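Structural features, examined
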Amino acid sequence: ARYERYNEVRQGRADTEPDIYFFNFGNYSGKFFVGEDGVNFYTIPQQKIMINSIREVVGGPIVRFVITTTDGVKYEFGKSSDNVRDGIEKNGTYSVCHNGNYQLSTELEETITSSWYLVHIISPRGYTITFDYDQNDYSFRTFGNETNYYKHITMSDTDSECDNRFTYCYVRNHIYGKRLRRINFLHGKVEFDTKTTYRADLTQDKALEYIRIYKIG
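Figured I'd write up the structure that's included with this text. Remember, predicted model here, so these are calculated numbers, not experimental data.

**Focus on the pairing of strand β3 (residues 41-44)**
Along a regular strand, successive side chains alternate from one face of the sheet to the other. With burial as the criterion, only one face of β3 is covered, namely that bearing Phe-41 and Thr-43; the residues Tyr-42 and Ile-44 on the opposite face remain uncovered. Here four bridges tie strand β2 (residues 28-34) to β3, and the two strands are oriented antiparallel to one another. What sits directly across from Phe-33, in β3, is Tyr-42. Counting the residues in the hairpin turn of β2 and β3 gives six residues, including Gly-38, whose phi is positive at 75°.

**Points about the nonpolar core**
The biggest cluster of nonpolar side chains holds 24 residues, and the ones touching the most others in it are Phe-32, Ile-51, Phe-65, Tyr-75, Phe-77, Trp-116 and Leu-118. Put simply, the parts of the chain that give this core at least two residues each are β1 (21-25), β5 (62-68), β6 (74-78), β10 (118-122), β11 (128-149) and β13 (188-194). In terms of residue count, β5 provides more of this core than any other element does, four residues in total. Leaving out residues up to four positions away in the same chain, Phe-77 has contacts with Phe-25, Val-63, Arg-64, Phe-65, Ile-67, Trp-116, Tyr-117, Leu-118 and Val-119.

**Structural notes on unusual backbone geometry**
Here the residue pair Ile-44 and Pro-45 is connected by a cis peptide bond, since its omega of -5° sits within 30 degrees of zero. Residue position: Pro-45 is located in the loop between β3 and β4 (50-55). A positive phi angle, near 60°, is found at Asn-83, a position not held by glycine. You can see Asn-83 is positioned in the loop between β6 and β7 (88-99).

Rules behind the numbers
Residues numbered from 1 in each chain as written. Predicted model: local features only at pLDDT ≥ 70, side-chain atom pairs only at ≥ 80, totals over all residues. Heavy atoms only, no water. Buried < 20%, exposed > 50% of the residue type's maximum accessible area, 1.4 Å probe, protein only. Helix = DSSP H or I, 4+ residues; strand = E, 2+ residues; numbered from the N terminus. Pairing = 2+ DSSP bridges. Core = buried A, V, L, I, M, F, W, Y, C linked by side-chain atoms within 4.5 Å. Contact = heavy atoms within 4.5 Å.

This is the structure:
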């Protein structure tokens, strides 16, 4: 079994380093990773919390993390257990290369889950706080390399050895993001209103304008 494991690593079919996840909620923050058994999670630094992950299909992506603290409160991140709320943020990237005025190649977009936002807080007595999100997509480019070619003309030969041209490549980043819209609790709610106009620094996004707090009953 150990030889098979080494062979999978050598062929690039196995990952020898676990993914590191960062968390921040309430009075808790830190990092965690899943053990080699794929079931147990370990926090960095060590903390008295229990972490579970949920997948909709075997071998599929994680759709929800549930963290339980020592006081019995459960925090749900990602897709809520009642399937009403979606706090999953994804990041898609693909590379594009150009040669002069025409496109050379474009890779297919590769999309991964990058964040699981808090959607439910459930107390041991069954009281809940819920978080609603709006879809907030935007994109940006990350430039890589650029090469310029120039004509070289000699006195004896006026024919150019190459044409003036340039090539460049960049990575297109598409964020399938989430923006917090409302927090609901037993006797009220908090709403986050954005401006009707787009931001100057990120033209596909809108800035926060008002935070409204409502009391019910």
